[in-house]
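# Topology and contacts: notes
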Amino acid sequence: MARLQQGNFVSLFTGMSQIFIAAVILTVLFAVNIIGTKQAAVVNTIICAVMTGAILAFAAFGLPKADFPYIFQTGHLFYKGVPNFMAALALLSFATGGASVICQLGGEAENPGRDIPLVMIISTVLVGIMYVLVALVAVGVFPIDKVADQNLTIVAFEVLPRPVYYVFVIGAALGATSSTLNAQLSWVTKPLIVACEDGLLPQSLATVTERGAAWKILTVFYVLGMGPILTGFDLGFISKLSTSVSLLQKVLVLASLWFLASKYPQCAGRTKLKIPVSLYKPWSVFGAVTAVVLASSLLASMPKQSVTLLLGLLAVSWVYACAGLKKKEIPQDLDVDYIGGDQKKKEPEK
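A quick note: this is a predicted structure, and the numbers were derived from the prediction, not measured.

### Quick word on the overall build of the chain
Within the chain, the secondary structure is distributed over 17 helices and two strands. Carbon and sulfur atoms provide 70% of the accessible area of the chain, an area that totals close to 19600 Å².

Encoded structure:
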């Protein structure tokens, strides 16, 4: 993700090494998360505030210049056909995935039962509105052929005054991916810590600092993230691969939703956002089908060897998880406290 920002930054400061910029961004955010999740949250709040202001400025200056009849021509709504439209939806699912992964930080929230559902709903609605505003400007100022597969700085340079343009490149173009990367490093360790506690992964991997940072797991992801930066790996391939994996992983989560009410009635009953139990199974089916369709739209454009390797890795992971679960007794306590240097089970909410 750090490399996604390099083109935007280089468009502002020409002559700078893209690899160097991406490596610095990843390293800084890695260091912030090593310090602690709360510190990472503060950084993300600042980034999001600046980013939101930059996006709203882009919309305010750009919407008056957008050609709305041109935007809503039938041929422009499905540019390059329905398959590419579906692939775009699939990639967009990653950009809007924060509403789902926020639940991984429940162990560090003061009132997760109330706050997480609100965050999911409010953030999804607000982000959706901002995406629509940005998209209208992005495809309504220049012909689609000119802006397709390009970053937003081309349009921003046309519609924004120069001082605002600089703020946009730094605040929006860089901030969007920086906030995503920072959040990714914040939450990605949490389910792996639980897997270590349950014995599915080496327990020593879950070692955390006094401020709750799983430094060993973070280091693994830092190395994995730095690899594509230094090798210049194709970003398009990485985006499609990671997003398709994420979508297929959601199928497992949705399968769990099918059994949630019957196997963990105490969890379903304690939720602050009351949803009829009768909707759990239909929603899980609808979500799983949607995830498979979107993942398939990405996999269809990837080399067959890559798809085979991906499916093979998923199969191996599935077998390993199933074999591990048969040998391990997994506690039916889903609440974990990640703060304080050790993973202590939290008392259920009253």
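### Here's the deal with the UniProt feature "transmembrane region" (unreviewed entry) in the chain
Mapped onto this numbering, the UniProt entry annotates "transmembrane region" (unreviewed entry) at residues 12-35, 42-64, 84-106, 118-144, 217-238, 244-261, 282-300 and 306-325. Secondary structure across residues 42-64 divides into 91% helix and 0% strand, with the first and last C-alpha atoms of the span separated by 34 Å. What you have in residues 244-261 is 100% helix and 0% strand, and the ends, taken at the C-alpha atoms, are 28 Å apart.

### Some points on helix α13 (residues 215-231)
Taking 1.5 Å per residue, 17 residues should reach 24 Å; α13 reaches 24 Å between its end C-alpha atoms and fits that length. Taken together, the buried positions of α13 are occupied by Ile217, Leu218, Tyr222, Met226 and Ile229. Burial along α13 is one-sided: seen end-on, the buried residues are contained in an arc of 165°. Among the exposed residues of α13, those pointing more than 90 degrees away from its buried face are Val223, Leu224 and Thr231.

### Description of the packing of helix α3 (residues 37-62) against helix α8 (residues 112-140)
Two packed helices can be described by the angle between their axes and the distance between those axes. One way to put it is that α3 packs onto α8 with a least axis distance of 9 Å and a crossing angle of 45°. With respect to α8, the axis of α3 lies oblique. Seen from above, α3 lies across α8 with left-handed handedness. In contact with Thr52, Ile55, Phe58, Ala59 and Gly62 of α3, α8 contributes Met130, Leu133, Val134, Val137 and Ala138. Partitioning the contact of α3 with α8 into residue classes produces eight nonpolar, two polar and no charged.

Rules of the game
- Residues numbered from 1 in each chain as written.
- Predicted model: local features only at pLDDT ≥ 70, side-chain atom pairs only at ≥ 80, totals over all residues.
- Heavy atoms only, no water.
- Helix = DSSP H or I, 4+ residues; strand = E, 2+ residues; numbered from the N terminus.
- Areas by Shrake-Rupley, 256 points an atom, 1.4 Å probe, with all protein chains shown as cover.
- UniProt positions renumbered as here; feature names shortened; annotations may be inferred.
- Expected span 1.5 Å × (residues − 1).
- Buried < 20%, exposed > 50% of the residue type's maximum accessible area, 1.4 Å probe, protein only.
- Arc of directions from axis to C-beta.
- Axes fitted to C-alpha atoms, helices over the stretch in contact; angles between N-to-C directions.
- Parallel < 35°, antiparallel > 145°, perpendicular 65-115°, else oblique.
- Left-handed = near helix turned anticlockwise from the far one by under 90°.
- Contact = heavy atoms within 4.5 Å.
- Nonpolar A, V, L, I, M, F, W, Y, C, P; charged D, E, K, R; others polar.

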